[in-house]
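For reference, the chains in residue letters:
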Amino acid sequence: MRQYYHHKEPVTLECGAILPEITVAYNTFGRMNESRDNVVWVMHALTADSDVADWWPHTVEKGRFLDPEDHFIVCANVIGSCYGSTGPISENPLSGEPYFGDFPDVTVRDMVACHRLLARHLGINRIDTVIGSSLGGFQAVEWLVSDPGFARKAVLIATDYRCHPWLAAINKSMVMAIEADMTYGERSREAGARGLAAARAIGLLSYRGQAAFDATQNDPDSRRGLFERRAHSYQAYQGKKLCDRFDAYSYVKMCRSADSHDIARGRGSASEALARITARCLIVAISSDILFPPSYHREMAAMIPGAEYKEIDSDFAHDGFLIENEKINRLICDFYSQTDNRQL
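Residues numbered from 1 in each chain as written. Predicted model: local features only at pLDDT ≥ 70, side-chain atom pairs only at ≥ 80, totals over all residues. Heavy atoms only, no water.

**Considering helix α2 (residues 108–121)**
Here is step 1: Taking 1.5 Å per residue as the helical rise, α2 with its 14 residues ought to reach 20 Å, and the 20 Å between its terminal C-alpha atoms agrees with that figure.
Here is step 2: Counting buried residues in α2 gives ten out of 14 residues, a clear majority hidden from the surface.
Here is step 3: Of all the residues in α2, the buried ones are V108, R109, D110, M111, V112, C114, H115, L117, L118 and A119.
Here is step 4: Of the residues flanking the end of α2, it is G123, one or two places downstream, whose phi is positive at about 75°. (Helix = DSSP H or I, 4+ residues; strand = E, 2+ residues; numbered from the N terminus. Expected span 1.5 Å × (residues − 1). Buried < 20%, exposed > 50% of the residue type's maximum accessible area, 1.4 Å probe, protein only.)

**Comments concerning the pattern of salt bridges**
Here is step 1: All chains considered together, the criterion is met by 19 salt bridges.
Here is step 2: With a shortest N-O distance of 2.7 Å, R64 and E326 are connected by a salt bridge. With R64 in the loop between α1 (52–55) and β6 (72–76) and E326 in helix α11 (residues 325–340), this residue pair connects regions lying 262 residues apart in the sequence.
Here is step 3: Using a relative accessible area of 41% as the deciding quantity, one classes E326 as partly exposed.
Here is step 4: The salt bridge partner of E142 is R267, with a shortest N-O separation of 2.7 Å. You can see E142 sitting in helix α3 (residues 135–146) and its partner R267 sitting in the loop between α7 (248–259) and α8 (270–274), a full 125 residues away along the chain.
Here is step 5: Overlapping salt bridges bring together E61, R64 and E326 as one network. (Salt bridge = Lys/Arg side-chain N within 4 Å of Asp/Glu carboxyl O.)

**A closer look at α3**
Every α-helix winds through 3.6 residues per turn, so residues three or four apart in the chain are directed the same way.
Here is step 1: Between its first and last C-alpha atoms α3 spans 17 Å; for twelve residues at 1.5 Å apiece the expected length is 16 Å, and the two agree.
Here is step 2: Most of α3 sits inside the fold, with eleven of its twelve residues counted as buried.

**Regarding the side chain of H71**
Here is step 1: Here H71 shows up in the loop between α1 and β6.
Here is step 2: The exposure class of H71 is buried, given its relative accessible area of 11%.
Here is step 3: Setting aside residues no more than four positions away along its own chain, H71 makes contact with F29, G30, R31, N38, V40, F65, L66 and Y336. (Contact = heavy atoms within 4.5 Å.)

**Things to note about the packing of helix α5 (residues 193–216) against helix α6 (residues 230–243)**
Here is step 1: Direction vectors running N to C along α5 and α6 enclose 135°, while the axes themselves pass 8 Å from each other. Taken together, the axes of α5 and α6 are oblique relative to one another. Here the hand of the crossing between α5 and α6 comes out right-handed. On α6, the residues that touch A193, L196, A197, R200, A201, L204, L205, R208, F213 and T216 of α5 are R230, Y234, Q235, Q238, G239, K240, L242 and C243. (Axes fitted to C-alpha atoms, helices over the stretch in contact; angles between N-to-C directions. Parallel < 35°, antiparallel > 145°, perpendicular 65-115°, else oblique. Left-handed = near helix turned anticlockwise from the far one by under 90°.)

By themselves, these figures tell us nothing about what the structure is for.
And the structure:
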């Protein structure tokens, strides 16, 4: 069940804007033990929400790496999104109307600052494991660097320590698609919907990649028409599907949040920043991921003290972290077992 933490004090963002108050939506699974050392905090990706059991299939189950019988699992919706936490469609308490385009830019560090407010509210001073994939991995890395003693272990999947130019270019292309929609800018949740659908189609190319599209979107021999292709209908369907659950303003803010990610900003170099991490880290790459290729992960792992690098063979590119749950589960459960038998 989704829960809400209402922080009634102002929150100053990195960009200098001040939110007069914030709400953080979150879900929990399982129970915190008496020693409060069984907390696993999951960070979600771009358009996911706080219900990790819904968007990450076969993870919050007995015998899995998010076993609610063993762990107290927390997942919070990031600010700037549209699933209950303060974002563009939330009401601005100063005006009584939704923010829409007036909502300020939020950085990954701002997201983590709000996670920390929630942790304090829940009485959590230290956690066993932080897990993040994609944009969620950005948050996890940031938290590990900004508060090195907070997590004993960390699992970073299909992610990176900074936003490389390749990702920034994809994000900008998606934002440009939304801005090209003449309705974007209207004070309505439906504003920019056609642009949002186009943005999603652009994003899917990087999430799935050539091998996955060629394997799943081949046309049947009996297809009719010269110009209609199965891949066309798939892209259109996925665009509409996102529009049914997300809004253009929040999507733009999420893309810009990803653009802000650079663990070295104000901390010297990336190697200096990542050297602060004391948690035992598992770095997991997807072999066919063109958004965050394995080379990025190997580079990051080399800069984190004692980090362990693993690679999952998959044809599903970046989306492999959502699809290859059996392989990911084995890796993380093995990591838990090996790490818990060591002196941390």
